[in-house]
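What follows is the residue order along each chain.
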Amino acid sequence: MASTFYSLNSMDTNETPRLRGNNTLSRIWFFYLDGFRSMTLGRTLWAIILIKVVVFFVIVKLLFFPNFLNSKATDDEGKAEYVRHELVDDP
Amino acid sequence: MEELTNVVDWSRAQFALTAIYHWLFVPLTLGLGVIIAIMETIYYRTRDESWLATTKFWMTLFGVNFAIGVATGIILEFEFGTNWSNYSWFVGDIFGAPLAIEGILAFFMESTFIAVMFFGWKKVSPRFHLAATWLTAIGASLSALWILVANAWMQMPVGCEFNPATMRNEMTSFWAVALSPMAVSKVLHTVLSAWTLGGVFVVGVCAWMQLRGRNGDHCRRSLKVGAWVGVVGVLLTSITGDTSAVTVAKYQPMKLAAMEGLYKGDFQQSIVAAGILNPDKTPVNDEPAFLFDISIPYGLSILATHDPDAFVPGIQDIINGVSYDSEGNKINTVSYAERMEIGRRVRSQIAAYDVALRAGDKLALDTLHETINRDFAFFGYGYLDNPEEAVPNVPLTFYTFHVMVTIGGFLVVFLLAALLFVYKPKWLEGKRWAKWWYRLCVLAIPLTYLCSVCGWVVAEVGRQPWTIQDLMPNKVAISDLSASYVQITFWIFAVLFTALLIADVSIICRQICRKSQTDLDQVTD
């Protein structure tokens, strides 16, 4: 990632303040931290994303969408046997 | 609703609901991504701050749509594991590869660079920021590519071999899967249709602002990019639509016949431009197919084969295995009755394979493996109770196809006119009918969404009853669940996705309304 700070209106100037942080990891950290802090509409959008992810993965997935074959067999051989029964013996 | 009585119907309805809602978010991300990348490129090259302001305006709307739409597709994967477990096992190795690439490569690429796009304005170089914007747009399209490749494989299963020991299809050629004719035409047609939608969205939003006399210069800048992307998108979508029709005619002739309500095919087959289907028509009676129709001579032969004299088989011809080559010689294709017989034979051979496997009879295993794979192309027909079961819902396929084509034709003219007005603004400014044009532009946004959804309905309903074309019908792909269980999740998703859609539309509308009242020639943040 470029280490040069570019002002929005200074593309042709020599203004070159650096990104916060001393190494790559801390620069990435501060890049995201500053980005999140300066959000306006983004706060609402992130709230929607987080609520959505919680609803999808915690409520919907865990309560309503278990892996069906895992309830029928514990290993691949057992799952193949179950699907064979479903498709061949008792379609 | 009375017909939705069993778990197959409810699972299909649930998958359709979630897929359609998911698709309402995706094309705007794909189309607007390209548009803002072009706008930022103009800014980068001209260093004109007004282009930066315009780029940021559309980037905000892109961000809203991306944020609300992201992860809505994951629900479809949940459904595979719960509702469609037989299918998931049967295709796991093949379906998993494109989805894994989508998840690991494309989605992470998209997610990484979208952060630079929004957080990086003051922190990375303009060149790097521009690259991030393009990579976000490309990442979104790559993400769509792998999903569409997986979908195309369900329509045209290639590059695989069935392993009767594991009951799974195993990939023999990744490139045969990724570059099948169905995958190529589907990816191009779908992604380019998203460019069309992105272009129409820009034209429509600008028209709304112009109706209120706001930000004329910003609108002119936006339209220069939006109308061009829309025109290029809609023209290329039309061309790839033609390629798709040829591919469907070759590999899914039943779908093409349903799209046209064609029961009895002919040489020099005409195409129905508009018509009302006869509700009493079935594949086994001699009722006329249409109550009323306007047809174009030679049309379907040209669409399907690019040869005006070619024979195009209808539903009854396909069921009976009748077709003709370009010289008019009868071709003995395999009738559906024969296919059902072959399918049942393969099923019994798989049962015999299991017995041989347990007995360790290597000779029998080799022989059975060979015969199973020789006839496996018709495996799914063994589950059909009668040949007519393999006919999709003709009215739904026919009407959605014709709505799609009609709106698509309108969009070609509409976007060419929008582009013309960009370069000849005086033809529009001050005219009494200008406000009607602007209203039409706004109306074109929901029409384009309708067109896009109709395209998917044609693609998916037209291949029924197959989950995987010719290999697995829905009724055996499904898990052994109760219909009431699926009904509960259907309504949960109906509420959840409707709420998300309302949030998406209302936030986007609010942003357009609020920002249009500011000076969009100036960068304000």
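The model shown is predicted, which means the values in this text are computed figures rather than measured ones.

A. Looking closely at the overall build of chain A. Scanning chain A for helices and strands turns up three helices and zero strands. Overall, chain A shows an N-to-C arrangement of helices and strands of α-α-α. Taken over 91 residues, chain A has a buried fraction of 35%. A sequence separation of at least 24 residues applies to 6% of the contacts in chain A between residues at least 6 apart.

B. Structural detail: the nonpolar core. The biggest cluster of nonpolar side chains holds 177 residues, and the ones touching the most others in it are A:Leu87, B:Leu32, B:Trp58, B:Tyr87, B:Phe90, B:Phe201 and B:Phe414. Take this core: its biggest share by element is 17 residues, from helix 1 (residues 7-46) of chain B. Residue contacts for B:Trp58: discarding those within four places in its chain leaves B:Leu32, B:Ile36, B:Met39, B:Phe201, B:Val202, B:Val205, B:Cys206, B:His218 and B:Ser222. A:Phe31, B:Val116, B:Phe119 and B:Ala132 belong to the second-largest nonpolar core, a separate cluster that totals nine residues.

C. Here's a closer look at the pattern of salt bridges. Scanning the model with the defined rule gives 15 salt bridges over all chains in all. The salt bridge involving A:Arg84 is made with A:Glu81; its shortest N-O contact spans 3.0 Å. Taken as a pair, A:Arg84 and A:Glu81 lie in helix 3 (residues 76-89) at a separation of three residues, close to a single helical turn. On the basis of relative accessibility, which here comes to 29%, the residue A:Glu81 falls in the partly exposed class. When salt bridges that share partners are traced, they join A:Glu81, A:Arg84, B:Asp354 and B:Arg358 into one network.

D. Quick look at helix 1 of chain B. Residue and element names in this part refer to chain B. Taking 1.5 Å as the rise per residue, helix 1 with 40 residues should run 58 Å; its terminal C-alpha atoms sit 59 Å apart, in good agreement. Counting buried positions over the 40 residues of helix 1 gives 28, a clear majority of the element. Where helix 1 begins, one side-chain oxygen reaches toward the backbone nitrogen of Val8, 3.0 Å away; that side chain belongs to Asn6. Of the residues one or two after helix 1, Arg47 is the one with positive phi, at around 60 degrees.

E. Layout of the pairing of strand 1 (residues 160-163) of chain B. Residue and element names in this part refer to chain B. One ladder, built from four bridges, connects strand 1 with strand 2 (residues 168-171); its direction is antiparallel. Pairing of Cys160 across the sheet is with Met171, part of strand 2. Remark: four residues form the turn of the hairpin made by strand 1 and strand 2, two consecutive strands paired antiparallel; Met167 in that turn has positive phi of roughly 60 degrees.

F. Looking closely at the interface of chain B and chain A. Counting residues at the interface gives 66 residues for chain B and 45 residues for chain A. In this assembly, chain B packs against chain A so that about 4,700 Å² is buried in total across both faces, 73% of it on carbon and sulfur atoms. Together, B:Trp89, B:Phe119 and B:Lys123 form the three largest contributors to the area buried by chain B at its contact with chain A, with a combined 17%. In this assembly, chain B and chain A are joined by three salt bridges. Where A:Glu81 meets B:Arg358, a salt bridge forms, and the shortest distance between an N and an O atom there is 2.8 Å. Linking chain B to chain A there are 13 residue pairs in polar contact (both at pLDDT 80 or more). Elements with a contribution of two residues or more to the side of chain B that touches chain A: helix 1, helix 2 (49-69), helix 3 (74-82), helix 4 (85-119), helix 5 (126-155), helix 12 (336-359) and helix 17 (483-516) of chain B. In terms of residue class, the side of chain B that touches chain A is made up of 38 nonpolar, 17 polar and 11 charged.

G. Structural detail: a nonpolar patch on the surface. Residues and elements named next belong to chain A. A cluster of nonpolar side chains, contributed by Val53, Val54, Phe57, Val58, Ile59, Leu62 and Leu63, occupies part of the molecular surface with about 620 Å² of accessible area. When you line up the elements, Phe57 lands in helix 2 (residues 41-64). A residue is classified by how much of its surface remains accessible, and Phe57, at 37% relative accessible area, is partly exposed.

H. Region of interest: helix 9 (residues 253-260) of chain B. All names here are of chain B. Most of helix 9 is tucked away: seven of the eight residues are buried. Burial in helix 9 covers these residues: Met254, Lys255, Leu256, Ala257, Ala258, Met259 and Glu260. Gly261 sits one or two positions beyond helix 9 and adopts a positive phi of about 60 degrees.

I. Seen up close, the environment of A:Phe68. Mapped onto the elements of the fold, A:Phe68 is located in the loop between helix 2 and helix 3. Residues A:Phe68 and A:Gly78, 10 residues apart in the sequence, show an inter-C-alpha distance of 13 Å. If near-sequence neighbours (up to four positions away) are discounted, A:Phe68 is found in contact with A:Tyr82, B:Gly81, B:Thr82, B:Ser85, B:Ser479, B:Asp480 and B:Leu481.

Thresholds, definitions, all that
Residues numbered from 1 in each chain as written. Chains lettered and ligands numbered in written order. Predicted model: local features only at pLDDT ≥ 70, side-chain atom pairs only at ≥ 80, totals over all residues. Heavy atoms only, no water. Helix = DSSP H or I, 4+ residues; strand = E, 2+ residues; numbered from the N terminus. Buried < 20%, exposed > 50% of the residue type's maximum accessible area, 1.4 Å probe, protein only. Contact = heavy atoms within 4.5 Å. Core = buried A, V, L, I, M, F, W, Y, C linked by side-chain atoms within 4.5 Å. Salt bridge = Lys/Arg side-chain N within 4 Å of Asp/Glu carboxyl O. Expected span 1.5 Å × (residues − 1). Polar contact = N/O pair within 3.5 Å; in protein donor to acceptor, adjacent residues only side chain to side chain. Pairing = 2+ DSSP bridges. Buried area = accessible area lost by both parts, 1.4 Å probe. Nonpolar A, V, L, I, M, F, W, Y, C, P; charged D, E, K, R; others polar. Patch = residues over 30% accessible without salt bridge, like charges linked within 9 Å, V, L, I, M, F, W, Y side chains within 5 Å. Areas by Shrake-Rupley, 256 points an atom, 1.4 Å probe, with all protein chains shown as cover.

Read these as geometric descriptors, not functional statements.
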